[in-house]
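# Notes for the structure review
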Amino acid sequence: MSFPLTEEQHMVQLMVREFARKEIEPVAARNDVESRFPTAIIDKMGGLGLMGMMVPAEYGGGGTTAVSYVLALQEIAYACAATAVTMSVNNLVCGPLLEYGTEEQKEKYLIPLASGETLGSFAITEPEAGSDAASVSTRAVLKGNKYIINGSKVFITNGGHAGTFIVIARLGDKPRHRGMSAFIVERGTPGFEIGPEEKKMGVRASSTVSLVFDDCAVPAENMLGGEGEGFKIAMTALDSGRIGISSQAIGIARAAFDEAIKYGSMRKQFGRALVRNQAIQWMIADAARDIEAAHLLALSAAMAKDRGESFTRQASISKLFSSEAAVRICYDALQIHGGYGYTKDFKVERLYRDARVTTIYEGTSEVQRIVIANNALK
Ligand code: CAA
């Protein structure tokens, strides 16, 4: 597409494309079938500066723009959506540490996360607090120079392999979002248990676990931001996270589009290739339209972030559009494959499963519509 990229952005796109096609794509299907977390690949991605892309080099990151991040994540997701969400969540965790962390916290936690030495995880969701994020009930109480955390979290991406967790918990008596604070919790802290991996429909090579905090004592200096800032920290982190999931969805959609054209050009029925039929061409045209629109929306959100403007609305519009488009495009791509698409012999079967979660995590499509409508009605 003809959107003008800077030389740096173009270089990032090409470098990540080459890496993803060479190192990730060949093992993606096996990792999906075996639910195998790609530790060695994630390590290499750390070395390439992909795990903390927008973090300045002085804090161990890639020092790139959000636009470069969108381009890179699409390339990773094209090869493997599970690897892409792992990367996206690690980048999400870096954001609040960079924005709200003290120099000591940046030194101790951000540098290892951004350089890919440690994996990060972000814990807000609870059994009774999903879309209604302000209703978390995990509680922190200050005792001496430690916060004692009790409660549980679910659907925590990266949790099975992460070393550093940002945990959102209730502190004090203020209701809903005003009573929430953020804490940095290290893996291995006594009273912090990590549950078994969820058996998921898609993104099966990514890690998703529950967490239990049972009198887990965290040093007072591990509060991130100020008391009562937890919800704001979570929402600003999710704004960036939604650009990431949008990019992941676009990468999946692009892969499905290419698979559909490849198969539809090769497969002959009624004496001609499937793509010679108008019914199939309309699916291809709609997919091309949606991929291009989704890409421009993601770039628009990323450019607003790069300019230092508020991008909440654009991130939600982008995530809503890209994720729903990815689901539609994968549906049509599988339809074009017919019965073969329903077997594990064809990549489109994995793409179809992987796309589905993008309308759910980091805010469902319904939550994105709440954000967009609230913005319009302000
Ligand atoms: N940035 C900064 N501040 C924000 C904000 C944002 N994007 N959104 C809201 N706020 C502030 C508001 O200004 C308000 O502050 P004041 O009271 O000071 O004015 C406060 O937060 C409360 O805002 P709302 O009244 O809008 O809050 P709400 O309770 O109605 O909730 C919501 C809004 C958008 C539905 C929110 O709860 C939400 O985003 N829910 C979805 C949660 C989510 O995305 N979870 C994903 C979990 S992580 C994950 O999935 C990662 C993964 O594994 C891949």
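Residues numbered from 1 in each chain as written. Predicted model: local features only at pLDDT ≥ 70, side-chain atom pairs only at ≥ 80, totals over all residues. Heavy atoms only, no water.

## Some details on the nonpolar core
Inclusion rule: Joining through side-chain atoms within 4.5 Å is the link that ties buried Ala, Val, Leu, Ile, Met, Phe, Trp, Tyr and Cys residues into a set, and such a set is a nonpolar core. Burial classes follow relative accessibility: with a 1.4 Å probe on protein chains only, a residue under 20% of its type's maximum area counts as buried, one over 50% as exposed, and anything between as partly exposed. Contact definition: two residues touch when any of their heavy atoms are within 4.5 Å.
Core analysis: the biggest nonpolar cluster contains 86 residues, and Ile24, Met45, Ile76, Met87, Leu97 and Phe122 have the highest contact counts within it. In contact with Ile76, other than residues within four places in its own chain, are Val16, Phe19, Ala20, Ile24, Met45, Leu50, Thr83, Ala84 and Met87. Membership of the second largest hydrophobic core comes to 19 residues, among which are Tyr147, Phe165, Phe183 and Val185.

## Some details on the domain arrangement of the protein chain
Short version of the rule: Bear in mind that the domain bounds are from an automatic or database domain assignment. Using a 1.4 Å probe, buried area is obtained as the accessible area two parts lose upon being combined, added over both of them. Distance and chemistry together define a polar contact, namely a pair of N or O atoms within 3.5 Å, with one atom able to donate a hydrogen and the other to accept it when in protein, and with adjacent residues in sequence counting only for side-chain atoms on both sides. In this classification, the charged set is Asp, Glu, Lys and Arg, the nonpolar set is Ala, Val, Leu, Ile, Met, Phe, Trp, Tyr, Cys and Pro, and all remaining amino acids, among them Gly, are polar.
If you check the domain split of the protein chain, you get domain 1 (7-114), domain 2 (120-231) and domain 3 (232-377). Here domain 2 and domain 3 have C-alpha centroids that lie 30 Å from each other. With 15 residues of domain 2 in contact, the opposing surface of domain 3 contributes 13 residues. Here domain 2 and domain 3 share an interface that buries about 1100 Å² over both sides, 70% of which is from carbon and sulfur atoms. Sorting the residues of domain 2 by area buried against domain 3 places Met201, Val203 and Phe231 first, and these three jointly supply 46% of that buried surface. Where domain 2 packs against domain 3, one counts 9 residue pairs in polar contact (both at pLDDT 80 or more). Counted by class, the side of domain 2 that touches domain 3 contains 9 nonpolar, 4 polar and 2 charged residues.

## Thoughts on the pattern of salt bridges
Cut-off, in case you're wondering: Criterion for a salt bridge: a side-chain nitrogen of Lys or Arg within 4 Å of a carboxyl oxygen of Asp or Glu. Here a helix means four or more residues in a row that DSSP labels H or I, a strand means two or more in a row labelled E, and each is numbered from the N terminus.
Taken as a whole and assessed by the stated rule, the structure comprises 20 salt bridges. With its nearest N and O atoms 2.8 Å apart, the salt bridge here joins Asp32 to Arg353. In this pair, Asp32 is assigned in helix 1 (residues 7-34) and Arg353 in helix 9 (residues 347-356), connecting sequence segments 321 residues apart. Assessed through its relative accessible area of 11%, Arg353 is described here as buried. For Glu309, the salt bridge is made with Arg307, and the minimal N-O distance between the two is 2.9 Å.

## A few points about the state of the cysteines
So the rule is basically this: Criterion for a disulfide: a pair of cysteine sulfur atoms at a distance within 2.5 Å.
Scanning the entire structure with this criterion turns up 0 disulfides. Not engaged in a disulfide, the cysteine Cys330 finds its nearest cysteine sulfur in Cys80; these two sulfurs lie 14 Å apart. Cys330 gets classed as buried once you look at its relative accessible area, which sits at 0%.

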